[in-house]
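Topology and contacts: notes
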Amino acid sequence: MNNIGGLLIDLDGTLFHGGRMIPGADKLITGLRAADIPFLFVTNNSSRTPVNVAAHLSGMGIEAKAEEVCTSSLAAARYIAEESPEARVAILGEEGLIEACAAAGLTIVTDDPQYVVQGIDRSFTYNSLAQASRWIIAGAKFVLTNPDLMLPSDDGVMPGAGTLGAAIEAASGVSPVVIGKPESHLINYAVSVLGIKQKEAVVVGDNMRTDILAGANAGCRTILVLTGLTTQDNLEHYKSVTGVIPDEICSDLAELMSMLGV
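As the structure is a computational prediction, the values presented were derived from the model and not from experiment.

Quick look at the sheet that holds strand 9 (residues 141-144)
Hydrogen bonds between backbone groups are what pair the strands of a sheet, and the pairing can be parallel or antiparallel. Spatial ordering of the open sheet is given by 7-6-8-9-12, a layout of five strands whose pairing is parallel. Unpaired on one side and paired on the other, strand 7 (107-108) and strand 12 (177-178) mark the two borders of the sheet. Of the pairings in the sheet, the one linking strand 8 (residues 115-118) to strand 9 comprises four bridges and is parallel in character. Bridge assignment links Gln 118 to a residue of strand 9, and that residue is Leu 144. Along the sheet, helix 3 (residues 72-83) makes contact with strand 6 (88-92), strand 8, strand 9 and strand 12, crossing strand 9 at roughly 150 degrees. Across the sheet, helix 6 (residues 161-172) lies against strand 6, strand 8 and strand 9, angled at about 160 degrees from strand 9, the strand it touches most.

What about the sheet that holds strand 1 (residues 6-9)?
Overall, parallel pairing links the six strands, which are arranged 5-4-1-13-14-15 in an open sheet. The sheet terminates laterally at strand 5 (69-71) and strand 15 (248-250), the two strands that pair on one side only. Sheet twist, expressed as the average angle between the axes of neighbouring strands with direction ignored, equals 25 degrees. With three bridges joining them, strand 1 and strand 4 (residues 39-43) adopt parallel strand pairing. In the strand pairing of strand 4, Ile 9 is matched with Phe 41.

Focus: the environment of Phe 41
Note on placement: Phe 41 falls in strand 4. We classify Phe 41 as buried; its relative accessible area is 0%. Sequence-wise, Phe 41 and Ala 75 are 34 residues apart; in three dimensions their C-alpha atoms are separated by 13 Å. Phe 41 has contacts with Ile 9, Leu 11, Leu 15, Ile 29, Leu 57, Glu 63, Ala 64, Glu 68, Val 69 and Cys 70, leaving out every residue within four places of it along the chain.

Some thoughts on the packing of aromatic side chains
In the structure shown here, the tally under the stated rule is one aromatic pair. For the ring pair Phe 39 and Phe 41, a centre distance of 5.4 Å and an interplane angle of 75 degrees mean the geometry is edge-to-face. Taken as a pair, Phe 39 and Phe 41 share a single burial class, namely buried.

Focus: unusual backbone geometry
Going from Lys 181 to Pro 182, the amide bond is cis rather than trans, its omega being 15 degrees. Examined against the element boundaries, Pro 182 turns out to sit in the loop between strand 12 and helix 7 (185-194). Despite not being glycine, Asp 112 has its phi angle at roughly 50 degrees, a positive value.

Quick look at the environment of Gly 243
Summarising the element assignment, Gly 243 is placed in the loop between helix 9 (235-242) and strand 15. For Gly 243, a relative accessible area of 66% corresponds to the exposed category. Separated by 34 residues in sequence, Gly 243 and Arg 209 place their C-alpha atoms 9.7 Å apart.

Examining helix 1 (residues 25-34)
Among all positions in helix 1, only Ala 25, Leu 28, Ile 29, Gly 31 and Leu 32 are buried. One face of helix 1 carries all of its buried residues, which in axial projection span an arc of 160 degrees. Seen from the buried face of helix 1, the exposed residues on the opposite side, beyond 90 degrees, are Lys 27 and Ala 34. Considering only its buried residues, helix 1 is in contact with strand 1, strand 3 (20-21), strand 4 and helix 10 (253-260). In the segment just after helix 1, Asp 36 is the residue with positive phi, at about 55 degrees.

Regarding a nonpolar patch on the surface
Together, Leu 149, Met 150 and Val 157 give the surface a local cluster of nonpolar side chains, amounting to about 310 Å² of exposed area. Topologically, Leu 149 is positioned in the loop between strand 9 and strand 10 (150-151).

Let's talk about the pattern of salt bridges
Here the structure, examined in full by the defined rule, presents nine salt bridges. The closest approach of N and O atoms between Glu 83 and Lys 141, which form a salt bridge, is 2.9 Å. Of this pair, Glu 83 sits in helix 3 while Lys 141 sits in strand 9; the two residues are 58 residues apart in sequence, bridging distant segments of the chain. Residue class for Glu 83 comes out partly exposed when judged on its relative accessible area of 40%. Lys 141 sits in the partly exposed class, given a relative accessible area of 27%. Where Arg 122 meets Glu 94, a salt bridge forms, and the shortest distance between an N and an O atom there is 2.6 Å. Within this pair, whereas Arg 122 is found in the loop between strand 8 and helix 5 (126-137), its partner Glu 94 is found in the loop between strand 6 and helix 4 (95-103), the two being separated by 28 residues in sequence. The exposure class assigned to Arg 122 is exposed, which follows from its relative accessible area of 51%. Ionic contacts of the salt-bridge type, sharing partners, join the residues Asp 10, Lys 181 and Asp 211 into one network.

Thresholds applied
Residue indices begin from 1 for each chain and proceed along its sequence in written order. Since the coordinates come from a predicted model, pLDDT governs what is reported: local features require at least 70, and pairs of side-chain atoms require 80 or more to be given and counted, while whole-chain, interface and lining totals use all residues. To get the side-chain values, take all heavy atoms of the structure and skip hydrogens and water. Strand pairing requires that DSSP identify at least two bridges connecting the strands. A run of H or I in DSSP counts as a helix once it spans at least four residues, and a run of E counts as a strand once it spans at least two, with each numbered from the N terminus. Contact between two residues is taken to exist if any of their heavy atoms lie within 4.5 Å; hydrogens are not considered. For every element, the axis is a line fit to its C-alpha atoms; helices are fit only across the contacting stretch, and the angle between N-to-C directions ranges from 0 to 180 degrees. Remark: exposure states derive from per-residue accessible area (1.4 Å probe, protein chains only) relative to the maximum for the residue type, with buried under 20%, exposed over 50%, and partly exposed in between. To pair, rings of Phe, Tyr and Trp, with the six-membered ring standing in for Trp, must have centres within 6.5 Å; the planes then decide the type, stacked if under 30 degrees apart, edge-to-face if over 60, and tilted in the middle. Throughout, the arc means the angular range of directions from the helix axis out to the C-beta atoms. Nonpolar side chains (Val, Leu, Ile, Met, Phe, Trp, Tyr) within 5 Å and like charges within 9 Å form the patches, drawn only from residues with over 30% relative accessible area and no salt bridge. Only the protein chains shown count as covering a residue, and every accessible area follows the Shrake-Rupley method with a 1.4 Å probe. We count a salt bridge whenever a side-chain nitrogen from Lys or Arg sits within 4 Å of a carboxyl oxygen from Asp or Glu.

Written out as structure tokens, the structure reads:
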């Protein structure tokens, strides 16, 4: 693959599974640095700050810096700040989203918001649902960091930000602006951070429904790695479901490194 201006690399399922590094992930990042190929870690996870994401990667042996991390929280905060600087926002979310909104100069409020921005929120309650719905019905704009319905955990799957968002949407009758993959906002944000054009960016990920579809929606090239959700056995199914065909497919990270020449 030629004329690569930068890689936008997914995390869970691409570089690691939970707390376990996928073989070759550390060598891939080391190789990209040595070859001076720009890259960013791009994740739908809205709960962690970039510092925490980088620490999680580093703890597994994958060299990472906070400034190399793009989260759905950062992209959501940027989206709101560009549309309405210093806007009043009510947050249903965790540390990563709160920190991103504050850093973007948004005004965090608990009443009369212009925006309701929601991510994963493990303290979500019936009252949260009722209040958010009232604000949105009254005219606040509903922004959802990412549409993931379920998340993996040590105890099995748990409801994700998209599940909470679906409840708010059902109660308010208003569909949110979705920032994370498979929508294009997060990818567009990451491209802008790298300072390159869409056609120069390559999205690398394991999930046809999120990573690869988001790359296609943003006008980027895509590389599917069969290290996570998408496998050789279900690949044709996901091609049919998404209507998208990756530009390249690699069976593992060693094949990806060989393709990139690192």
